[in-house]
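# A structural walkthrough
Below are the chains, spelled out letter by letter.
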Amino acid sequence: MANQIQFFGMSQMTIGSCSDFHTRVNNFITTATPAALHIESQAAAYATAVETLASIVNRERAFVSTQALREADKVRDSASGVISQVVNAYLTSPVSEKQSAARLLDAKMSPYRGIRNHEYTKQTAEVRGMLAMLDAESDAVSALGLDAEVEALREANGTFDTQYYSRTAEASTRMAQSTVKSDDVVAQANSLYLEIVQIVNAYAIVQPSDELDSFIGNVNGLVASYSRISGSSTTGSGGTGTPDGESPEPSVPGGGDDSGESPDPIV
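Residues numbered from 1 in each chain as written. Predicted model: local features only at pLDDT ≥ 70, side-chain atom pairs only at ≥ 80, totals over all residues. Heavy atoms only, no water.

### Let's talk about the nonpolar core
Counting 37 residues, the largest nonpolar core has F21, I29, Y193 and V200 as its most contacted members. If you list the elements that add at least two residues to this core, you get β1 (7–8), α1 (15–32), α3 (40–56), α10 (182–206) and α11 (210–230). In terms of residue count, the dominant contributor to this core is α10 (twelve residues). In contact with V200, other than residues within four places in its own chain, are I5, L37, I39, L212, F215 and I216. Counting residues in hydrophobic clusters, the runner-up holds 22 residues, among them A79, V86, L105 and I115. (Core = buried A, V, L, I, M, F, W, Y, C linked by side-chain atoms within 4.5 Å. Buried < 20%, exposed > 50% of the residue type's maximum accessible area, 1.4 Å probe, protein only. Helix = DSSP H or I, 4+ residues; strand = E, 2+ residues; numbered from the N terminus. Contact = heavy atoms within 4.5 Å.)

### Details of the pattern of salt bridges
Evaluated as defined, the whole model comprises seven salt bridges. One salt bridge in this structure joins D135 and R154, with 2.8 Å as the shortest N-O distance. On the criterion of sequence distance, the pair formed by D135 in helix α6 (residues 120–136) and R154 in helix α8 (residues 147–173) is long-range, its members being 19 residues apart. Given the relative accessible area of 28%, R154 is considered partly exposed. When salt bridges with common partners are traced through the structure, they connect D135, E151 and R154 into a single cluster. (Salt bridge = Lys/Arg side-chain N within 4 Å of Asp/Glu carboxyl O.)

### A few points about helix α5 (residues 96–108)
With 13 residues, α5 extends 18 Å between its outermost C-alpha atoms, agreeing within 8% with the 18 Å of an ideal straight helix rising 1.5 Å per residue. Regarding α5, the residues found buried are Q99, A101, A102 and L105. Buried residues in α5, looked at end-on, bunch into an arc of 160 degrees, giving them a common side. Opposite its buried face, α5 presents the exposed residues S96, E97, R103 and A107, each directed more than 90 degrees away. In this structure, the buried residues of α5 make contact with α4 (66–89), α6 and α7 (138–143). (Expected span 1.5 Å × (residues − 1). Arc of directions from axis to C-beta.)

Listed below in structure tokens is the structure:
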């Protein structure tokens, strides 16, 4: 009896196990060569599907720039908070020069109350406006001794802006990966694998070779291991099994049924 690749419940594997399984099968294909296995037309598409599957196993979800954004936002929150508190404190200063400066800045800062609680990008734009106002009222800022805090706010807002652009760039590089649906990628890899198995099993019957026999043995070793991992059982050659437990005969490449049409690959 011809050596045949067995089947198992592939749908029961986790995406990680599925990726590892297909990666190993693809390595066996490379070693045996697609030509020796009679799968030249399927090998390239399968390799691409395996590569895509591997790329989404552990998708990057955190951003490298996130921590830097948080730190910069904390600094600008602190700086704007100190400025507001100092201005408020000097409203009752017995020194007329300081009280006048505080009253001027208090009025000018009224549009910026509570900006620390605003959404990141909105706060960035508002801080720019606040800095422009403070620069225009530099004499009042200096009178209250707030020059260092204003520069700290400017630097923090600039850092935040730069890091936010970095985060946007990170998100852009992930767009292709993030739009891929895991189920679709798994289904594509599984479908191509089953098509390859059907062809290999058929050639093992009509045109056996040492390369085919070695490849079948290697894949069956994987099937045995991964069926245990996934908690499924293996079935005989030709498909995932018929309802009564019998496996259908594999189709022979180039052959056909009574209608003259070749049967569809098992998917």
